[in-house]
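Structural overview for review
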Amino acid sequence: MLINKLDHEECVLGYAIANYTTTAAKAISMLSPDDMSTGGTKWLLSAIKRVASKGQPVDLITIVTERRIAERENIIPSVCTFAWLVEIAKNSNGANIETRAKIIRANSAMRLAVEKIDSVKAE
C-alpha cells in the first residue's frame, strides 16, 4: 500500500524551496520526476533540479521564475499556482527528509510493480 505519497512529495519539495540545505539537496538528488505521483510534483522536482543545475539559488523566487517561463510556454500543470508553491513551502519541515525521499522512491517502485502486474493481467 502506498503511504501518504503526496504528503511526502510535497514535504520534500516544499522544504527544498524553503530551505535548500545540503540535506535537502541530498534528498532531491535521490529522486527523479518519474518517482513523483502527480504532474505538479513532477514539474516541481524538475524545476528544482533545473535551477540547482544552473547554480542558481533554489528558493521561492527562482521557482516562481521557472513557473512563469513554463506558463508562457504552456507546459505547466494547472495545480502549480503561486499559491500552491507558497503553501507547500510554508507547510513543510525538514524532519526525516531523506527518509521521506526513500519512501517516495519505494512508492514509485510499488506503483511500477502494480502497473506491470495490471498489464500482465490484462493480456
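Preceding this section is the structure that the text describes.
Below, the structure is looked at part by part. All of these numbers come straight from a predicted model, not from anything done at the bench.

1. What about the overall build of the protein chain?
Of the regular secondary structure elements, the protein chain holds six helices and zero strands. The secondary structure elements of the protein chain, listed N-terminal to C-terminal, are α-α-α-α-α-α. Relative to the globule expectation of 14 Å for 123 residues, the C-alpha radius of gyration of the protein chain, 15 Å, shows essentially globular dimensions. Judged by the C-alpha coordinates and their principal axes, the protein chain covers about 45 × 35 × 25 Å. Out of the 123 residues belonging to the protein chain, those deemed buried represent 36%.

2. Structural notes on helix α5 (residues 82–90)
Within α5, burial applies to Trp-84, Leu-85, Ile-88 and Ala-89. Down the axis of α5, the sector holding all buried residues measures 130 degrees, keeping them to one side. In this structure, α5 carries Ala-83 and Lys-90 as exposed residues pointing more than 90 degrees from its buried face. Looking at the buried residues of α5, the elements they touch are α1 (5–18), α3 (39–53) and α4 (60–72).

3. Considerations on the packing of α1 against α5
The N-to-C vectors of α1 and α5 enclose an angle of 90 degrees; their axes lie 7 Å apart at closest approach. Comparing their axes, α5 and α1 come out roughly perpendicular. Across the interface between the two elements, Glu-10, Gly-14, Ile-17 and Ala-18 of α1 pack against Trp-84, Leu-85, Ile-88 and Ala-89 of α5. Here the contact of α1 with α5 is composed, by residue class, of six nonpolar, one polar and one charged.

4. Points about the packing of α3 against α5
At a closest axis distance of 13 Å, the pairing of α3 and α5 adopts a crossing angle of 75 degrees. Viewed along their axes, α3 and α5 adopt a mutual orientation that is roughly perpendicular. Counted together, Gly-40, Thr-41 and Leu-44 of α3 and Trp-84, Leu-85 and Ile-88 of α5 form the full contact between these two elements. Residues belonging to the contact of α3 with α5 are distributed by class as follows: four nonpolar, two polar and no charged.

5. Topic: unusual backbone geometry
Most of the time, phi is negative for any residue but glycine, and the peptide bond is trans. Phi at Asn-74 is positive, roughly 60 degrees, even though this residue is not glycine. Positionally, Asn-74 belongs in the loop between α4 and α5. Overall, the relative accessible area of 68% leaves Asn-74 in the exposed class. Despite not being glycine, Asn-96 has its phi angle at roughly 60 degrees, a positive value.

6. Examining the pattern of salt bridges
By the definition in use, this model includes five salt bridges. Note that Lys-54 and Glu-66 form a salt bridge whose closest N and O atoms lie 3.3 Å from each other. Residue Lys-54 is located in the loop between α3 and α4, and its partner Glu-66 is located in helix α4; the two are separated by twelve residues in the primary sequence. Accessibility expressed as a relative area gives 7% for Glu-66, which makes it buried. With its nearest N and O atoms 3.2 Å apart, the salt bridge here joins Arg-67 to Glu-71. Of this pair, Arg-67 and Glu-71 both sit in helix α4, separated by four residues, roughly a single helical turn. The buried category is assigned to Arg-67, whose relative accessible area is 13%.

Calculation criteria
Residues numbered from 1 in each chain as written. Predicted model: local features only at pLDDT ≥ 70, side-chain atom pairs only at ≥ 80, totals over all residues. Heavy atoms only, no water. Helix = DSSP H or I, 4+ residues; strand = E, 2+ residues; numbered from the N terminus. Rg over C-alpha atoms; globule rule 2.2 N^0.38 Å. Buried < 20%, exposed > 50% of the residue type's maximum accessible area, 1.4 Å probe, protein only. Arc of directions from axis to C-beta. Contact = heavy atoms within 4.5 Å. Axes fitted to C-alpha atoms, helices over the stretch in contact; angles between N-to-C directions. Parallel < 35°, antiparallel > 145°, perpendicular 65-115°, else oblique. Nonpolar A, V, L, I, M, F, W, Y, C, P; charged D, E, K, R; others polar. Salt bridge = Lys/Arg side-chain N within 4 Å of Asp/Glu carboxyl O.

These figures come from the coordinates and say nothing about function on their own.
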